[in-house]
Amino acid sequence: MTVAEEADKFGLHRVGARPSLGSYLKQTWERRDFIYELAKARVQKQNQQNRLGMLWVVLKPTLNAIMYGVIFGVLQGDKKGPDFPVFVVIGVFLFEFFTSSMNGGAKSITGNSALVQSLSFPRLSLPVAQVTQNLLTLMPMVLVMFVYALILGTTPKWSWFGILPLIAIFSVFNMGIALICARITVHIRDFTQILPLVSRMLFYSSGVLFDVDRLLGHWPWLVTVFDFHPLYQTLHLARAMIMNDSPYNATSWIIVSVWAVAVLVIGLVYFWKAEERYGRAN
């Protein structure tokens, strides 16, 4: 009998060995209190480091919405559509949640190397904590987004409550993206240098600042591509629920849900496969 077989006979396992996926998820769930407290502590620390504190949470996307709204509103002219200020606010505020999850997720392992190398716990906890942190930050942003919508003339309606399940689905999608980026960064540290370019490209190509039907109506095949764009469809749903007389496509729920589940499953398996590598010093 080999040493490995003898160890397995007595329930001994190699330090840092990757557990089964089911066991891995169970271990992560058992640390849900740690994940939440870590996320909350980081939000508090981030606010304490800024003189304006929590105000920056909504001030940053607000300034971005004003800047991009003015520039792209002028560039698009008559094609920008009605209620363009509300259109831009919704796009910028929700896209901020995506980019912070993607960029923060990419650094969730490499940015916590001391913790990863000194303690034994499922590394999945770190990207999950990052997305949880971003979700906690998003909550006041959503409230301010509704306030802006009211100030800009949008009529409140019951469909506004639909933003809650949409954010839940969007969080699942962002979690998958964060997991994928977290592992890639472990293998390729320079990936974090590319991410700002990826974020910028997605920002300008996800309908954050323009209405696809109005701007790309002369290219029907390109409009069809956007029918399956997860970020665009998420923003489309949010705008349909919040804005006045905004077109609504019920199939968008199916599209964003399928994308969210698929990306999460792929990201989870991809991240879990490299669990043994995360604690090693490079």
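A brief look at the structure comes next. Just so it is clear, the model here is predicted, and its values are computed rather than measured.

## So, the packing of aromatic side chains
A complete count under the given rule lists 14 aromatic pairs for this structure. Members of the aromatic cluster, each reached through a chain of ring pairs, are F95, F97, F98, F170, F173, F203 and Y204. In this arrangement the basic side chain of R123 is found over the ring face of F121, its NZ or CZ atom lying 4.7 Å from the centre. Between R239 and the ring centre of F87, over which it is positioned, the NZ or CZ distance is 3.4 Å.

## So, helix α9 (residues 191-205)
Look at α9: 21 Å from first C-alpha to last across 15 residues, which is about the 21 Å you get at 1.5 Å a residue. The set of residues buried in α9 consists of F191, T192, L195, S199, L202 and F203. Looking straight down α9, one finds its buried side chains confined to an arc of 120°; they lie on one side. α9 presents Q193, L197 and M201 as exposed residues on the side facing more than 90 degrees away from its buried surface. Of the residues trailing α9, G207 is marked for its positive phi of about 75°.

## Considerations on the environment of K60
Tracing the backbone shows K60 in helix α4 (residues 55-76). On the basis of relative accessible area, K60 is assigned to the partly exposed category, the value being 45%. It is 9.4 Å that separates the C-alpha atoms of K60 and F93, two residues lying 33 residues apart in sequence.

Parameters at a glance
- Residues numbered from 1 in each chain as written.
- Predicted model: local features only at pLDDT ≥ 70, side-chain atom pairs only at ≥ 80, totals over all residues.
- Heavy atoms only, no water.
- Phe/Tyr/Trp six-rings, centres within 6.5 Å; stacked < 30°, edge-to-face > 60°.
- Lys NZ or Arg CZ within 6 Å of the ring centre and 35° of its normal.
- Helix = DSSP H or I, 4+ residues; strand = E, 2+ residues; numbered from the N terminus.
- Expected span 1.5 Å × (residues − 1).
- Buried < 20%, exposed > 50% of the residue type's maximum accessible area, 1.4 Å probe, protein only.
- Arc of directions from axis to C-beta.

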